[in-house]
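Listed here are the chains, written in short residue letters.
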Amino acid sequence: MTDEQSSDFIREIIEQDIEESRYDSRVHTRFPPEPNGYLHVGHAKAVCINFGIAEEFGGLCNLRMDDTDPTKEAWEYVEAHQRDIRWLGFDWDDRLFYASDYFEQLYDWAVELVKKGKAYVDDLSPEQISVYRGDFTTPGRDSPYRGRTVEENLDLFERMRAGEFHEGERVLRAKIDMTHPNMNMRDPVMYRILHETHYKQGDAWCIYPTYDWAHGQSDSIEGITHSLCSLEFEDHRPLYNWFLEQLEIYHPRQIEFARLNLSHTVMSKRLLKALVDEGYVVGWDDPRLPTISGMRRRGYPPAAIRAFCEEIGVAKAASLIDIDMLEHFVRDELNRNAPRVMAVMEPLRVVIENYPEDQTEIFEVDINPEDPDSGTREVPFSNVLYIERGDFREDPPKKFHRLAPGREVRLKQAYLITCRDVVKDQDGEIVELRCTHDPDTRGGVTADGRYVRTLHWVSAEHALDVEVRLYDRLFTRADMGSIPDDKSVVDYLNPSSLEVTSAMAEPSLAAAEPGDRFQFYRNSYVCVDPDSTAERPVFNRTVPLRSTWAKIAEKMT
RNA sequence: UGGGGCGUAGCCAAGUGGUAAGGCACGGGACUUUGGAUCCCGCAAUCGUAGGUUCGAAUCCUACCGCCCCAGCCA
């Protein structure tokens with residue numbers, strides 16, 4: 001966003017256009033979602049491209065709802081889209097538009113095409129239209145209604161609008177070429193009859209323009225210079241050009257780029273909606289979903305998503321990006337900004353034998369060692385503590401450098417302690433460690449500079465019992481776009497994509513608010529969930545910290 | 001099969017006739033009050049294949065192969 005010199009083929013085209021004073025050197029883009037579901041990372045990429053390019057070239061980017069299908073759209077989605085795009089860090093000022101607000105203009109233009117003999121009302125059924133269209137190898141045939149007079153077409157089209165016909169009874173079609181090798185040019189449907197209430201236009205209309213008829217003209221109306229869209233619209237470009245030429249109106253330039261595919265997840269609104277509707281996840285904002293709202297709830301910072309979108313680039317090759325890449329940017333951002341806090345996931349009781357039983361010390365612990373200006377927080381210390389069970393081994397393997405009988409470790413910014421004894425229950429289970437602390441190491445400082453590992457800890461009596469939701473990838477398969485025909489995405493759901501557990505956390509966390517992000521020291525980045533209450537704080541694991549120890553341990557087994 | 005696109009390391013991706021950037025992942029080391037971070041170093045590409053043009057080709061030409069999209073009154 002600052003000194004980016006990174007470019008791509010789209011930016012190059014735009015630079016070229018500016019140089020040639022095309023569109024008076026203006027740059028005006030738009031992000032045109034349909035309000036029929038929630039936005040996901042794939043949309044985030046498009047948002048970053050459209051808003052980002054406008055920003056870079058000193059231009060503007062509109063937000064436009066492409067709302068031409070009343071059967072699928074709703075205000076809920078319009079609102080969610082705005083919330084999500086703002087959260088991502090972009091702003092459209094007062095330029096929120098709706099394709100449905102152009103319905104009247106679109107209708108007038110359709111009438112104009114009818115008058116020019118370039119559009120006609122067809123009485124064929126949907127099935128017949130499909131048959132008449134032919135296929136890849138067979139040219140289409142003209143509809144028997146293709147030869148209607150302008151007067152007849154005008155009359156019929158008016159009556160379509162007036163509501164005289166049933167759904168599916170007639171459509172308005174562009175009269176282009178039924179034998180065209182590009183299927184989109186075989187007299188595409190411009191209007192269909194839908195006796196449906198539109199979430200925004202109410203019952204004002206019973207004929208609705210198709211996307212193909214509405215999209216190009218909407219861009220034209222808004223004076224868009226560069227209509228950036230995904231690859232699948234490449235073959236629609238000739239059609240959009242045809243409409244614009246027939247209408248002799250302002251002509252934006254369309255450029256297509258590859259949409260984003262992420263490993264271990266799905267990116268189609270249809271599949272996401274199915275997962276939500278069928279209860280495989282808790283909602284559109286389930287932290288396991290790649291939706292913007294899901295990532296927000298999971299704890300992904302918007303800056304990380306933006307950095308990710310910048311890094312993956314813009315190209316035309318179909319790609320599948322490893323989710324590790326996204327997580328890298330999440331960690332990168334959180335490492336620099338997330339306050340550190342101590343929470344013990346699997347508590348092992350530690351008693352400091354030479355520390356006064358009735359004493360409590362308050363230590364000032366760094367909020368974020370990465371950020372010298374972040375200050376400190378207060379953490380209470382007492383003679384009974386919890387440390388991570390995995391930080392102790394009775395019989396430590398070769399490369400294990402943490403606590404073990406007779407060994408010394410540092411408790412983060414508190415004291416160095418040495419393990420003196422191991423207490424077990426009847427089953428031989430370790431239930432407690434008896435340790436001593438070195439009073440000369442207050443704050444974790446050693447006079448002789450001896451090197452010991454540092455552990456996180458929490459005072460038992462002050463600890464907060466919190467819920468922690470551990471998330472993992474939603475699907476076990478990397479490429480969900482190429483599953484076998486006899487399988488469904490549900491077959492690849494990761495059974496352990498969510499595991500609910502608890503932790504003993506330092507008391508400062510009692511003040512945490514939903515949406516607050518932290519690093520559970522040495523463990524994970526987390527984010528307070530909206531389900532959180534004062535009685536029961538709930539944390540979502542955004543992403544675990546990387547761990548070379550985990551790799552070593554894995555190799556040893 | 002007709003049309004439209006795309007093929008550069010495990011995954012993204014620069015490169016636009018002068019001898020293959022960068023990021024992710026991975027491996028090693030230094031440092032460390034996070035086995036994190038940081039810093040070094042390493043890693044891997046006969047540039048889909050085969051021909052051709054050229055002093056010189058990932059870049060130009062030809063053929064072939066592979067992958068993606070299109071036969072909604074969805075967007």
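Quantities reported herein were computed from a predicted structural model and do not represent experimental measurements.

## Looking at the overall build of chain A
Helices and strands together make up the secondary structure of chain A, namely 13 helices and 25 strands. Scaling as 2.2 N^0.38, a compact globule of 557 residues should have a C-alpha radius of gyration of about 24 Å, whereas chain A reaches 31 Å, well beyond that. By principal-axis analysis of the C-alpha atoms, chain A measures approximately 100 × 55 × 40 Å. The buried share of chain A, reckoned over its 557 residues, is 53%. A separation threshold of at least 6 residues defines the contact pool for chain A, and within that pool the share at least 24 residues apart is 71%. Carbon together with sulfur atoms contributes 46% to the accessible area of chain A, which is approximately 25,200 Å² in total. Averaging the positions of the 67 positive and the 102 negative side-chain charges in chain A gives two centres separated by 4 Å.

## Some words on the protein's contact with RNA strand B
Within the structure, RNA strand B sits among 69 residues, and T137, R340, R402, G443 and R546 are positioned closest to it. Here RNA strand B approaches the protein such that, of its atoms within 4 Å, sugar and phosphate make up 60%. Between RNA strand B and E370, the relevant distance is 2.5 Å, taken from a base nitrogen to a side-chain nitrogen or oxygen of the residue. One of the side-chain nitrogen or oxygen atoms of R453 is found 3.0 Å away from a sugar or linking oxygen of RNA strand B. Looking at the surface near RNA strand B, the elements with two or more residues in it are α5 (126-133), β6 (189-193), α11 (302-312), α12 (323-337) and α13 (548-556). Per-class residue counts for the surface near RNA strand B are 25 nonpolar, 19 polar and 25 charged.

## A look at the packing of aromatic side chains
Within this structure, the stated rule accounts for 24 aromatic pairs. Aromatic pair Y211 and F233: ring centres 5.3 Å apart, planes at 35°, arrangement tilted. On the criterion of sequence distance, the pair formed by Y211 in helix α7 (residues 211-221) and F233 in the loop between β8 (226-230) and α8 (237-247) is long-range, its members being 22 residues apart. Clustering of aromatic rings is evident, with ring pairs tying together F103, Y107, F157, Y191, W205 and Y208.

## Overview of the sheet that holds strand β21 (residues 464-471)
Across the sheet, which stays open at both edges, the 7 strands sit in the order β10-β23-β24-β25-β21-β22-β11 with mixed pairing between neighbours. Each edge of the open sheet carries a strand with a single partner, namely β10 (340-341) and β11 (343-344). The sheet contact formed by strand β24 (residues 524-528) and strand β25 (residues 538-544) spans 5 bridges and is antiparallel. Of the residues in β25, the one forming a bridge with C527 is N540. Across the face of the sheet, α12 comes into contact with β10, β23 (517-520), β24 and β25 while running at roughly 115° to β25.

## Thoughts on the side chain of E256
Relative to the elements of secondary structure, E256 occurs in strand β9 (residues 253-257). There is a polar contact of 2.6 Å between the side chain of E256 and the side chain of R237. Engagement of the side chain of E256 in a polar contact is seen with the side chain of Q254, the distance being 3.0 Å.

## Re the packing of helix α4 (residues 103-115) against α7
Across the interface, α4 lies against α7 with an axial gap of 11 Å and an inter-helix angle of 115°. In terms of orientation, α4 lies roughly perpendicular with respect to α7. Of the two elements, α4 crosses α7, and the hand of that crossing is right-handed. Facing Q105, L106, W109, A110 and L113 of α4, the residues of α7 in contact are W213, A214, Q217 and I221.

## Considerations on the domain arrangement of chain A
The extent of an interface is frequently quoted as the accessible surface area lost upon association of the parts. In terms of domains, chain A is made up of domain 1 (3-259), domain 2 (269-339 + 466-556) and domain 3 (343-456). Using only C-alpha atoms to locate each centre, domain 2 and domain 3 end up separated by 30 Å. Taken together, the 22 residues of domain 2 in the interface contact 21 residues of domain 3. Among the residues of domain 2 in contact with domain 3, Y521, R522 and W549 are the three that bury the most area, contributing 36% of the side total. As a salt-bridge pair, D391 and R522 come within 2.2 Å of each other at their nearest N and O atoms. Run the count over domain 2 and domain 3 and you get 6 residue pairs in polar contact (both at pLDDT 80 or more). Broken down by secondary-structure element, the contributors of at least two residues to the side of domain 2 that touches domain 3 are α12, β21, β22 (498-505) and α13. At 5 residues, β22 tops the list of elements feeding residues into the side of domain 2 that touches domain 3. When grouped by side-chain class, the residues that make up the side of domain 2 that touches domain 3 number 13 nonpolar, 6 polar and 3 charged.

## Observations regarding the side chain of S382
Turning to its location among the elements, S382 is positioned in the loop between β14 (376-381) and β15 (384-388). The exposure class of S382 is buried, given its relative accessible area of 2%. Of the polar contacts made by the side chain of S382, one reaches the side chain of S459; its length is 2.7 Å.

## Some remarks on the sheet that holds strand β12 (residues 347-352)
Overall, mixed pairing links the 7 strands, which are arranged β19-β16-β17-β18-β12-β15-β20 in an open sheet. Among the strands making up the open sheet, the edge pair consists of β19 (454-455) and β20 (458-459).

## Considering the state of the cysteines
Considering all chains together, one arrives at 0 disulfides under this definition. Cysteine C309 shares no disulfide, and the gap to the nearest cysteine sulfur, in C48, comes to 4.0 Å. Owing to a relative accessible area of 6%, C309 belongs among the buried residues under this scheme. Cysteine C419 remains unbridged, with the sulfur of C435 as its closest cysteine sulfur at 4.7 Å. On the accessibility criterion, C419 (2% relative accessible area) is buried.

Rules and cut-offs
Residues numbered from 1 in each chain as written. Chains lettered and ligands numbered in written order. Predicted model: local features only at pLDDT ≥ 70, side-chain atom pairs only at ≥ 80, totals over all residues. Heavy atoms only, no water. Helix = DSSP H or I, 4+ residues; strand = E, 2+ residues; numbered from the N terminus. Rg over C-alpha atoms; globule rule 2.2 N^0.38 Å. Buried < 20%, exposed > 50% of the residue type's maximum accessible area, 1.4 Å probe, protein only. Contact = heavy atoms within 4.5 Å. Areas by Shrake-Rupley, 256 points an atom, 1.4 Å probe, with all protein chains shown as cover. Lys, Arg positive; Asp, Glu negative; His and termini not counted. Charge placed at Lys NZ, Arg CZ, Asp CG, Glu CD. Near = heavy atom within 4 Å. Polar contact = N/O pair within 3.5 Å; in protein donor to acceptor, adjacent residues only side chain to side chain. Nonpolar A, V, L, I, M, F, W, Y, C, P; charged D, E, K, R; others polar. Phe/Tyr/Trp six-rings, centres within 6.5 Å; stacked < 30°, edge-to-face > 60°. Pairing = 2+ DSSP bridges. Axes fitted to C-alpha atoms, helices over the stretch in contact; angles between N-to-C directions. Parallel < 35°, antiparallel > 145°, perpendicular 65-115°, else oblique. Left-handed = near helix turned anticlockwise from the far one by under 90°. Domains from an automatic or database assignment. Buried area = accessible area lost by both parts, 1.4 Å probe. Salt bridge = Lys/Arg side-chain N within 4 Å of Asp/Glu carboxyl O. Disulfide = S-S within 2.5 Å.

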